[in-house]
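One-letter residues, chain by chain:
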Amino acid sequence: MRLFKRLFLVITAFAALGLSGCGYNRFQQLDEDVKAQWSEVVNQYQRRADLVPNLVGVVKGYAAHEEQILREVAEARSKIGSIQATPSLVNDEAAFNKFLAAQNQMTGALSRLMAVAENYPNLKADGLFRDLQAQLEGTENRITTARNRYIKAVQEYNTAVVQFPGNLTAMVFGFKEKPQFTVENEKAISVPPKVDFGSTPAPAARMRSAIVPCGTISSVIGVLASKGASMGARDQ
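Scope of this entry: the structure provided in the associated data block. Computed from a predicted structure; not experimentally measured. All residue numbers here refer to positions counted from 1 along the written sequence of the relevant chain. Selection of residues for local features in this predicted model requires a pLDDT of at least 70, selection of side-chain atom pairs for listing and counting requires 80 or more, and totals for whole chains, interfaces and linings are taken over all residues. The side-chain values count all of the structure's non-hydrogen atoms but skip hydrogen atoms and water molecules.

### So, the overall build of the chain
Under the DSSP-based scheme used, a helix requires at least four consecutive residues in state H or I and a strand at least two consecutive residues in state E, with every element numbered from the N terminus. Each helix and strand counted, the chain has nine helices and zero strands in total. Two residues form a contact once any of their heavy atoms are found within 4.5 Å. Restricting to contacts in the chain with at least 6 residues of sequence separation, those with at least 24 account for 82%. For the chain, the accessible area works out to roughly 13400 Å², and carbon and sulfur atoms hold 54% of it. Exposure was quantified through the Shrake-Rupley algorithm and a 1.4 Å probe, taking into account, for residues, occlusion by the shown protein chains and nothing else.

### Considering helix H4 (residues 93–117)
It helps to recall that an α-helix has 3.6 residues per turn; residues three or four apart then point in one direction. Every helix has an expected span of 1.5 Å times one less than the residues it contains. Here H4 spans 36 Å end to end across 25 residues, near enough to the 36 Å set by a 1.5 Å rise per residue. The definition of a polar contact used here is a pair of N or O atoms within 3.5 Å, where within protein one atom must be able to donate a hydrogen and the other to accept one, and adjacent residues in sequence count solely through side-chain atom pairs. If you check the start of H4, you find a side-chain oxygen 3.2 Å away from the backbone N of alanine 94, and it comes from aspartate 92.

### Considering the pattern of salt bridges
We define a salt bridge as a contact between a side-chain nitrogen of Lys or Arg and a carboxyl oxygen of Asp or Glu at a distance within 4 Å. For the structure shown, the criterion picks out seven salt bridges. Across the pair glutamate 32 and lysine 35 runs a salt bridge whose closest N-O atoms are separated by 3.9 Å. Here the residue glutamate 32 and the residue lysine 35 both occupy positions in helix H2 (residues 24–62), the gap between them amounting to three residues, near one helical turn. Exposed residues in this analysis have more than 50% of their type's maximum accessible area, buried residues have under 20%, and partly exposed residues fall in between, with area computed by a 1.4 Å probe over protein chains only. Since its relative accessible area comes to 46%, glutamate 32 is described here as partly exposed.

### Quick notes on the packing of aromatic side chains
Aromatic pairing here means that ring centres of Phe, Tyr or Trp (its six-membered ring) are within 6.5 Å. Orientation follows from the plane angle: under 30 degrees is stacked, over 60 is edge-to-face, and everything else is tilted. Going through the model one piece at a time under the given rule, you end up with eight aromatic pairs. A centroid spacing of 5.2 Å and a plane angle of 55° characterise the contact between tryptophan 38 and tyrosine 150, whose relative ring orientation is tilted. Note that tryptophan 38 is positioned in helix H2 and tyrosine 150 in helix H6 (residues 127–162), a separation of 112 residues in sequence. Summarising the aromatic geometry, the rings of tyrosine 45 and phenylalanine 99 are spaced 5.8 Å apart at their centres and angled 75° between planes, so their arrangement reads as edge-to-face. Here tyrosine 45 is found in helix H2, whereas its partner phenylalanine 99 is found in helix H4, with 54 residues between them in sequence. Exposure remark for tyrosine 45: the relative accessible area of 2% places this residue in the buried category. Given the relative accessible area of 3%, phenylalanine 99 is considered buried. Within the aromatic cluster, the residues linked to one another by ring pairs are Trp38, Tyr45, Phe96, Phe99 and Tyr150.

### Considerations on the nonpolar core
The tendency in soluble globular proteins is for nonpolar side chains to be buried side by side. Counting residues in hydrophobic clusters, the biggest one holds 50 residues, and the most contacted among them are Trp38 and Tyr150. Looking at this core, the elements with two or more residues in it are H2, helix H3 (67–81), H4 and H6. In terms of residue count, the dominant contributor to this core is H2 (13 residues). When sequence neighbours within four positions are dropped, the list of residues in contact with tryptophan 38 reads Thr86, Pro87, Leu89, Val90, Phe96, Phe99 and Tyr150. In plain words, nonpolar cores are sets of buried Ala, Val, Leu, Ile, Met, Phe, Trp, Tyr and Cys residues tied together by side-chain atoms within 4.5 Å.

### As for the environment of threonine 107
Its location among the elements puts threonine 107 in helix H4. According to the relative accessible area criterion, threonine 107 is buried, its value standing at 7%. Between the C-alpha atoms of threonine 107 and glutamate 140, which are 33 residues apart in sequence, the distance is 9.4 Å.

### Quick notes on helix H7 (residues 166–173)
Every buried residue of H7 is listed here: Gly166, Leu168, Thr169, Ala170 and Val172. Looking one or two places after H7, you find glycine 174, whose phi comes out positive at around 80°.

### Structural notes on the packing of H4 against H6
Interaxial angle, 0 to 180 degrees, is taken between N-to-C directions of lines fitted to C-alpha atoms, where a helix line uses only the stretch in contact. Closest axis-to-axis distance for the H4/H6 pair is 13 Å, and the angle between their directions is 150°. Viewed along their axes, H4 and H6 adopt a mutual orientation that is roughly antiparallel. Crossing hand, H4 versus H6: left-handed. Listed contacts from H6 to Phe96, Leu110, Met114 and Ala117 of H4 are Phe129, Leu136, Glu140 and Tyr150. Ten residue types, Ala, Val, Leu, Ile, Met, Phe, Trp, Tyr, Cys and Pro, are classed as nonpolar, four, Asp, Glu, Lys and Arg, as charged, and the remainder, Gly among them, as polar. Here the contact of H4 with H6 is built from residues that sort into seven nonpolar, no polar and one charged. By the definition adopted for this analysis, an angle is roughly parallel if under 35 degrees, roughly antiparallel if over 145, roughly perpendicular if from 65 to 115, and oblique otherwise. With the far helix as reference, a near helix turned anticlockwise by less than a right angle produces a left-handed crossing, and one turned clockwise produces a right-handed crossing.

See below:
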């Protein structure tokens, strides 16, 4: 019975693929795109983490007694380093959320560190600090761009997974929805640490939903069914 059911699903899926064009290769392409965009997100977060030791070092030179915030930044970086952010992480929602929580912790710690720096004019005037400040600002902008591209890629992939007839292909070949940034994640990381003193950071742009046109067949079927019902009513 199970074999018959699986065979039926396979036949149905391939029939749908022939009509819609949303086949196995399409899912493979979408999956690879998600992985590529996620890798860029991870690269930019790593770039930020690499700036932290020098940033902490120069701040410590002027504000060594700010032990608590310096410790918070160091702990946040250590937590990030303990997480293996491999491409497969996008298939594990729990690991994905753990990674984002660690990055949000780092964002908060850096924001507080920059707020503390406001109280030290000599620190703000330090050439190395200003250089690191500019690098951090650029990195935060790259994180926002990479994150938005990932959001778009996942929206396109997840839409293909749930829409008919692509959902039949996904069921047969084991393609499942991938985790996405939640509202809390988006709110936490859409405002980067303030690194340009005296200026207000621009709010991060929000991505529009990307819809894969895989529901054409179901729309046509709905229209035909509606017309058929109307004709049947008139015949009676």
